[in-house]
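For reference, the chains in residue letters:
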Amino acid sequence: MVCRKCGARYLQRIPRKGFFREKVLPRLGLYPWRCEFCDYQGLYRQRAVSVPDRSAEIALATAQRKLRKLPTNSTPRPPSQT
């Protein structure tokens, strides 16, 4: 499974809370999941997923997320002439 918002592959099942999630969604075969990186909460048909060791993938995704948040210069400065 892949997060629909950020594309990360590390999702975690979250508990059902509320009437709709407890009574209606099970009948439709939908299960609530939360992305570990962007906190997106989505409904997926997959009940469980086998999770191999993804520590390297998690570290890479965290680094990529931090890089996206860095400010970027829209206009590069010309090199100084000394």
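Residues numbered from 1 in each chain as written. Predicted model: local features only at pLDDT ≥ 70, side-chain atom pairs only at ≥ 80, totals over all residues. Heavy atoms only, no water.

Undergrad: How should I be thinking about the pattern of salt bridges in this particular structure?
TA: Side chains carrying opposite charge are able to pair once their charged atoms draw close together. Per the stated rule, a full pass over the model turns up two salt bridges. Across the salt bridge formed by E36 and R34, the nearest N and O atoms sit 3.6 Å from each other. Residue class for R34 comes out partly exposed when judged on its relative accessible area of 22%. R34 is the salt-bridge partner of D39, the closest N and O atoms lying 3.0 Å from each other. Given the relative accessible area of 48%, D39 is considered partly exposed. Taken together, the salt bridges that share partners define one network made up of R34, E36 and D39. (Salt bridge = Lys/Arg side-chain N within 4 Å of Asp/Glu carboxyl O. Buried < 20%, exposed > 50% of the residue type's maximum accessible area, 1.4 Å probe, protein only.)

Undergrad: Just to check I follow, could you spell out the nonpolar core for this structure?
TA: Nonpolar side chains in soluble globular proteins generally cluster together in the buried interior. C3, A8, L11, Y31, W33, C35, F37, Y44 and A61 together form the largest nonpolar core, which totals nine residues. The element that contributes the greatest number of residues to this core is strand 2 (residues 31-35), accounting for three residues. Contact partners of C3, with chain neighbours within four places excluded, come to A8, L11, C35, C38, Y40 and Y44. (Core = buried A, V, L, I, M, F, W, Y, C linked by side-chain atoms within 4.5 Å. Helix = DSSP H or I, 4+ residues; strand = E, 2+ residues; numbered from the N terminus. Contact = heavy atoms within 4.5 Å.)

Undergrad: Looking at this model, I keep getting lost on unusual backbone geometry. Mind explaining?
TA: A positive phi is found at D39, a non-glycine position, where the angle reads about 60°. Along the polypeptide, D39 turns up in the loop between strand 2 and strand 3 (41-44).

Undergrad: Would you take a moment to explain the pairing of strand 3 for this structure?
TA: Successive side chains on a regular strand alternate, one facing one side of the sheet and the next facing the other. On strand 3, burial follows the alternation: G42 and Y44 on one face are buried, whereas Q41 and L43 on the facing-out side are not. In this structure, strand 2 lies alongside strand 3, joined through four bridges in antiparallel fashion. Within strand 3, the residue paired with R34 across the bridge is Q41. Hairpin connection of strand 2 to strand 3: five residues between the antiparallel strands, including D39 at a positive phi of 60°. (Pairing = 2+ DSSP bridges.)

Undergrad: Got a minute to help me understand the sheet that holds strand 1 (residues 11-13) in this structure?
TA: One key point about sheets: their strands pair by backbone hydrogen bonds, in either a parallel or an antiparallel sense. Here we have three strands laid out as an open sheet, ordered 1-2-3, and antiparallel in their pairing. Looking at strand neighbours, the two that pair on one side only are strand 1 and strand 3, the edges of this open sheet. Averaged over all pairs of adjacent strands, the angle between strand axes in this sheet comes to 40°, irrespective of strand direction. (Axes fitted to C-alpha atoms, helices over the stretch in contact; angles between N-to-C directions.)

By themselves, these figures tell us nothing about what the structure is for.
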